[in-house]
Amino acid sequence: MSLKSTIHSAFEKHFGGDGIFYASAGRINLIGEHTDYNGGFVFPGAIDKVIMAEIRPNGTDKVRLYSIGFDEEVTFGLNEEDAPSQQWARYVFGVCRETIKRGFVVKGFDAVFDGNVPLGAGLSSSAALESCFAFALNDLFNNNTIEKFELAKIGQSTEHNYCGVNCGIMDQFASVFGKKDHLIRLDCRSLEYEYFPIVLNGYKLVLVDSVVKHELVDSPYNKRRESCERVAKRLGLETLRDATMEMLDAAKSDISAEDYSRAKFVIEEKERVLDVCDALGRGDIETVGKMMYATHNGLSKDYEVSCEELDYLNDIARECGVTGSRIMGGGFGGCTINLVSDEVYPKFIETVTAKFAEKYGHAPKIYDVVVSDGARRIEE
Ligand code: GLA
């Protein structure tokens, strides 16, 4: 059964009749990791894996929400004190609240949602969920008067205020702005963006999902962000966007060794994004690949968001002659993104599957990336 039919059967069963369908996508990021909250550049795109919802206003002031994945129905009101206890429902509650806080309209509705964005794989299933509902509430209750950037910010504020993650704007931006066959370079300070057609003649982008998620108790993502903010403050800057290695080295004695490494990674990474965009424009895929390995190295050694399994995937990619490979997303588990030539592809898939399974007792999951559209209403 298709995702849409599965959702519709559940909708009929729980609420009866028909609603309107909306979807939004997970994302990849070719390069530019942990740069978004530092005012730097990112280079993401939406993928063909989505969260989809069927929604219908119900004429009350309550939301009735059924998640197929969690097999649970939750009802909540739209005031701040009505926050549900289930984490999955807080994403939707947060989107409602952030929309209302911005002066827009949200009324009660019934909704069923499900998706095929793998959870915990670093593909931003949560941004897909937020963007799907932000887009839907704009269409259903606000005549599409909320601007697209504001929809992305509604999702981002949901993470900050209802889910405890001080994320940047990349995931929600990619999920809302995604366009088939295009990556998007976003300047996270000015919010200027540019679509780049993704032409990879003779190469594929492949995700290798370690299927491990290291749940680290003390919110390491937020800690990385705090390190960057401390260094920026010490350098007298708003963000690390304008920091250089010279400035960092001049202040080295006042900065902890750990904060120094974090900032070094960010300074190097923001340059790599621009280099990759240039290289892609010239069709210089080898350079794109080299930069990806450099990012992995920095994320592993300086930013310390890798783990044994991801480093192993990276090593295997290198041994197989994969052109570029690196951790993708926040880190601490999830996927590597790999730029693989057509010749190397079969051998790489076979080797990475066998070696990883031998060492960790389970095979990684492999996804070929299809760069697709972002948030939308589904008419057909
Ligand atoms: C997560 C966050 C993003 C971004 C990435 C790392 O996906 O949600 O904002 O910071 O990590 O690049």
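Heads up: the structure comes first, above all this text.
Throughout, a residue's number is its position along its own chain's written sequence, starting from 1. In keeping with the model being predicted, local features are shown solely for residues with a pLDDT of at least 70 and side-chain atom pairs are shown and tallied solely at 80 or more, while totals for entire chains, interfaces and linings include all residues. The basis for the side-chain values is all heavy atoms of the structure; hydrogens and waters are excluded.

(A) Just the pairing of strand E5 (residues 72-77), in detail. When DSSP finds two or more bridges between two strands, those strands count as paired. A helix here means a DSSP run of H or I that spans at least four residues, while a strand means a run of E at least two residues long, and both kinds are numbered starting from the N terminus. Sheet topology note: the strand E4 (residues 62-67)/E5 ladder contains 6 bridges and is antiparallel. Following the sheet pairing, Tyr 66 is matched in E5 by Glu 73. Taken together, E4 and the strand that follows it, E5, pair antiparallel across an intervening segment of 4 residues, in which Asp 71 is found at a positive phi of about 45 degrees.

(B) Spatial organisation of the packing of aromatic side chains. Classification of ring pairs rests on two measures: the distance between centres of Phe, Tyr or Trp rings, Trp counted by its six-membered ring, which must be within 6.5 Å, and the angle between planes, read as stacked under 30 degrees, edge-to-face over 60 and tilted in between. According to the stated counting rule, one finds 20 aromatic pairs in the structure shown. Arranged with centres 5.8 Å apart and planes meeting at 85 degrees, the rings of Tyr 193 and Tyr 195 form a pair that is edge-to-face. The rule is simple: take the accessible area with a 1.4 Å probe, protein chains only, and divide by the maximum for that residue type; under 20% is buried, over 50% is exposed, in between is partly exposed. By relative accessible area, Tyr 193 is classed as partly exposed at 37%. An aromatic cluster is present here, built from Phe 70, Trp 88, Phe 109, Phe 113 and Phe 133 joined pairwise through their rings. When the ring centre of Phe 177 is taken as origin, the NZ or CZ atom of Lys 148, which lies over that ring, is 4.7 Å away. The rule is short: NZ of Lys or CZ of Arg within 6 Å of the ring centre and within 35 degrees of the ring normal puts a charge over the ring.

(C) Spatial organisation of the site of the ligand. Nearness is judged by heavy atoms alone; a residue qualifies as near a molecule or strand once a single heavy atom is within 4 Å of it. In the vicinity of the ligand, the contacting residues are Arg 27, Glu 33, His 34, Asp 36, Tyr 37, Cys 167, Gly 168, Met 170, Asp 171, Tyr 221, Gly 329 and Gly 330. Taking Asp 171, its side chain carries an N or O atom lying 2.6 Å from an oxygen atom of the ligand. Contact distances for the ligand include 2.6 Å between an oxygen atom and a side-chain N or O atom of Tyr 221. Where accessible areas are quoted, they stem from the Shrake-Rupley method and a 1.4 Å probe; at the residue level, only the protein chains shown are allowed to cover. Protein coverage of the free-state accessible area of the ligand, which is 310 Å², stands at 92%. Class assignment of the residues belonging to the shell around the ligand gives a composition of 4 nonpolar, 4 polar and 4 charged. Distance and chemistry together define a polar contact, namely a pair of N or O atoms within 3.5 Å, with one atom able to donate a hydrogen and the other to accept it when in protein, and with adjacent residues in sequence counting only for side-chain atoms on both sides. Throughout, the ten residues Ala, Val, Leu, Ile, Met, Phe, Trp, Tyr, Cys and Pro are labelled nonpolar, Asp, Glu, Lys and Arg are labelled charged, and all others, Gly among them, are labelled polar.

(D) Here's a closer look at the sheet that holds E5. In spatial order, the strands read E5-E4-E6-E3-E1-E13; together these 6 strands make up an open sheet with mixed pairing. Two strands bound the open sheet, and with one partner strand each, they are E5 and strand E13 (376-378). For this sheet, the mean inter-axis angle between neighbouring strands, taken without regard to orientation, is 30 degrees. Direction of pairing for strand E1 (residues 20-29) relative to strand E3 (residues 44-57): antiparallel, over a ladder of 9 bridges. In the strand pairing of E3, Tyr 22 is matched with Ala 53. Across the face of the sheet, helix H1 (residues 3-14) comes into contact with E1, E3, E4, E5, strand E6 (109-115) and E13 while running at roughly 20 degrees to E3. In this analysis, two residues are considered to be in contact whenever any of their non-hydrogen atoms come within 4.5 Å of each other. An axis is simply a line fitted to the C-alpha atoms; with a helix, the fit covers only the stretch in contact. Between two such axes, the angle follows the N-to-C directions and lies from 0 to 180 degrees. Across the sheet, helix H2 (residues 87-101) is in contact with E4, E5 and E6; its angle to E5 comes to roughly 30 degrees.

(E) A look at the pattern of salt bridges. By definition here, a salt bridge exists when the distance from a side-chain nitrogen of Lys or Arg to a carboxyl oxygen of Asp or Glu is within 4 Å. By the definition in use, this model includes 26 salt bridges. When the shortest N-O distance is used, the salt bridge between Arg 97 and Glu 80 registers 2.6 Å. Residue Arg 97 is found in helix H2, and its partner Glu 80 is found in the loop between E5 and H2; the two are separated by 17 residues along the sequence. According to the relative accessible area criterion, Arg 97 is buried, its value standing at 12%. One network of salt bridges, in which partners are shared, links Glu 98, Lys 101, Arg 102 and Glu 150.

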